[in-house]
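# Analysis of the macromolecular model
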Amino acid sequence: MPFVNMKKAATVSGSSKSFSVRVTTMDAELEFSNIEHKATGKDLFELVCRTIGLRETWYFGLQFIDSKGYISWLKFDKKVLDQDVPKETPVPFLFLAKFFPEDVSEELIQEITQHLFFLQVKQSIINMDIYCPPEASVLLASYAVQAKYGDYDTSTYKIGTLASEDLLPQRVIDQYQMTPQMWEERIKEWYADHRGMSRDEAEMEYLKIAQDLEMYGVNYFQIENKKNTDLWLGVDALGLNVYESNNKLCPKIMFPWNEIKNISFKDKRFVIKPVEKKSPDFVFKPPKLRINKLILELCIGNHELFTRRRKPDSMEIQQMKTNAREEKIRKQMDRARLAKEKQLKEEALKEKEELEKRLHMLQEEVRAAQELLRRSEETTELLAEKAQIAEEEAILLAQKASETEGEIHRMKLKEMKNEEERMIMEYRAREAEMIATKILEDSERRALEAEQLKIDLVQAKLNEQSAKEKLMEVARVSPYTQQAMYGLHSLPSDFAELQLDEPPMDDLQEMGEASEASCDLLGAGDMDQLSIEIEKEREEYMEKSKHLQEQLKELKTEIEVLKVEENETELDRQHDEKIRRGDTKYSTLRMAKAATTQARVQFFEDL
């Protein structure tokens, strides 16, 4: 965790006594040195809030463990060292949400406030301080992953990433016969659906779902009624709830803040005075006196916030909401612009890939045409060589035929001179004639072959000319082909880097004027348009909520077959019973509110 040293901010001139403090928030650890000895709880709290940039300070407080081992909250009106803080150096504190809003989407203004609530609620659910059904746990885990990692990307996602994360309560993991990979697969399915959702949007969706959980925002205290029956007292943003000792989900009695006139305690006796004069006081006893003080402190703070919510916002809150709304619109515009730029970049890259692919195909065609031309030229040369050889053979055969005829002539002359040798000469003459005839036939055949080779040579030249024409035709298809023909296979400069041309100055001026006009409209405020947008967002939210409920039902049905009944907790059984009855957190609260005061009294005393 990062450490922040605030020596100068925490030092008051003229003081020789000081101490150091370590404050742990949900996402950082801050260390402050040289804190003035006379510093009050308010001084330290404001120092922490300034350090983290928090303006919605009314929800938070500094928590510590006192010398008796009880949880305590630092009082703002007393000196830090005059309170029962740990005797350590530096003095440890936890910066936590002390009070919770009724509606996170309407009340939480700053992103830092929303982020701190998200981290605290998430940790409470994982630690099982807040009961969460299994199917809702998977959905909340998917929003937590979206807030941490951003959009799901199949190219960079590594299997096992989510399985190693601490995303689900151990109670949920133990309750089903499912491997970490099976849980990861179900979380990933919903995680992929959140594409395009920013971190603050994912955290807000997480809180919207979490605030509907029965134990969200409730501080529980063990109490006893007049009959010494063990009960639970729950303090939350709407009022005080009384639960049976074995059921923290369904309050049996509820006292809304607007029906309570006064809350006080004397020793261990804690008294709630209703607004109705005829109604008797409600009395109960916590086990320790210091628990009474903590209950009263939480009651006062929650009642103040309950009252404030029902009054018009102060100028500071109005200004904060206006700034937050403008910041939200600005971020939405930035996200839309970035999304458009990303889309244009993806389209440009896709177009570049297509052009490169097309160029590669054309280069392949050019190479094929060149190879065909080379082969045609080789064939032509080979046929020319064969034709030349055939001509030479024909000449040699003709010479041999001529010599044979001369020999026959000489033999005939010799026959005339020698009658005795005539028969031999005739025989030899006939033999020679046969040989001459055969040689003559071979000569004629060779001549015919030479003619055929000449014809083939002419045809090869024609094929060569056709290949050249096809090559030129391919070269005319793309301007890049000529480069490929001459060995220039590199991409043109346009392909080296894709970048958007800068718009002309006139266009920039028009864009500037449009932006200025938009800011003027935002500053003037268009309530009708804002109302339409709010109504549109509400309709989208209702449709999304309906779809979400269907998804939760599907997941619950899917994993129900893998459930281990022996590992089911009492809270799980109580929750399932509520679902079978069709009860929700808010329907239970409405029924508790609808009960008459006298009925509440009687029920409380009967417990």
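Every value quoted in this text rests on a predicted model; they were computed, and no experiment measured them. (Residues numbered from 1 in each chain as written. Predicted model: local features only at pLDDT ≥ 70, side-chain atom pairs only at ≥ 80, totals over all residues. Heavy atoms only, no water.)

Our focus in this paragraph is the nonpolar core. Within the largest apolar cluster, 109 residues are counted, with the highest numbers of intra-cluster contacts made by F93, F95 and L240. For this core, the element with the highest residue contribution is helix α4 (residues 134–149), accounting for nine residues. With residues up to four places along the chain from it excluded, the contact list for L240 reads L233, G234, V235, I253, M254, F255, W257, I260, I263, I272 and C299. If you look at the next biggest cluster of nonpolar residues, it comprises seven residues, including L383, A387, A390 and A460. (Core = buried A, V, L, I, M, F, W, Y, C linked by side-chain atoms within 4.5 Å. Buried < 20%, exposed > 50% of the residue type's maximum accessible area, 1.4 Å probe, protein only. Helix = DSSP H or I, 4+ residues; strand = E, 2+ residues; numbered from the N terminus. Contact = heavy atoms within 4.5 Å.)

Glancing now at the pairing of strand β7 (residues 230–235). Judged by how many residues are buried, β7 sits mostly within the fold: five of six residues are covered. Two strands pair when backbone bridges link them, and strand β6 (residues 219–224) and β7 are joined in this way by six bridges, in the antiparallel orientation. Looking across to β7, one finds that F221 is bridged to L233. Looking at chain direction, β7 and strand β8 (residues 239–244) are connected through five bridges and run antiparallel. Residue L231 lies in a different strand from β8, and its bridge partner there is E244. Connecting the antiparallel pair β7 and β8 is a turn made up of three residues. (Pairing = 2+ DSSP bridges.)

For the coordinates displayed, the defined rule picks out 22 salt bridges. A salt bridge links E297 to K98; the nearest nitrogen and oxygen atoms lie 2.3 Å apart. Linking E297 in helix α8 (residues 289–309) with K98 in the loop between β5 (91–97) and α2 (104–107), this pair joins segments that are 199 residues apart in sequence. For E297, a relative accessible area of 21% corresponds to the partly exposed category. Judged by its relative accessible area of 10%, K98 falls in the buried class. Residues joined in a network through salt bridges with shared partners are E327, R330, D334, R337 and E341. (Salt bridge = Lys/Arg side-chain N within 4 Å of Asp/Glu carboxyl O.)

What follows concerns the sheet that holds strand β10 (residues 260–266). Pairing is antiparallel across the open sheet formed by three strands, whose spatial order is β10-β11-β12. Because the sheet does not close on itself, it has two edges, and the strands there are β10 and β12 (282–284). In this sheet, adjacent strand axes meet at a mean angle of 15 degrees when their direction is disregarded. Along the sheet face, α8 touches β10 and β11 (269–274) and points at about 160 degrees away from the line of β10. (Axes fitted to C-alpha atoms, helices over the stretch in contact; angles between N-to-C directions.)

In this model, α4 (16 residues) spans 22 Å end to end at C-alpha, consistent with the 22 Å of a helix rising 1.5 Å per residue. Backbone geometry just downstream of α4 places G150 in the positive-phi region, at approximately 80 degrees. (Expected span 1.5 Å × (residues − 1).)

With respect to the helices and strands, N292 occurs in helix α8. Apart from residues no more than four positions distant in its own chain, N292 is found in contact with F265, D267, K268, R269, F270 and P286.

Axis separation between helix α3 (residues 111–126) and helix α7 (residues 199–210) bottoms out at 9 Å; the angle between their running directions is 50 degrees. It follows from the interaxial angle that α3 and α7 lie oblique. Two packed elements cross with a definite hand, and for α3 against α7 that hand is left-handed. Within the contact between the two elements, α3 uses E111, Q114, H115, F117, F118, V121, K122 and I125 and α7 uses R199, D200, E201, E203, M204, Y206, L207 and A210. For the contact of α3 with α7, the per-class residue count stands at eight nonpolar, two polar and six charged. (Parallel < 35°, antiparallel > 145°, perpendicular 65-115°, else oblique. Left-handed = near helix turned anticlockwise from the far one by under 90°. Nonpolar A, V, L, I, M, F, W, Y, C, P; charged D, E, K, R; others polar.)

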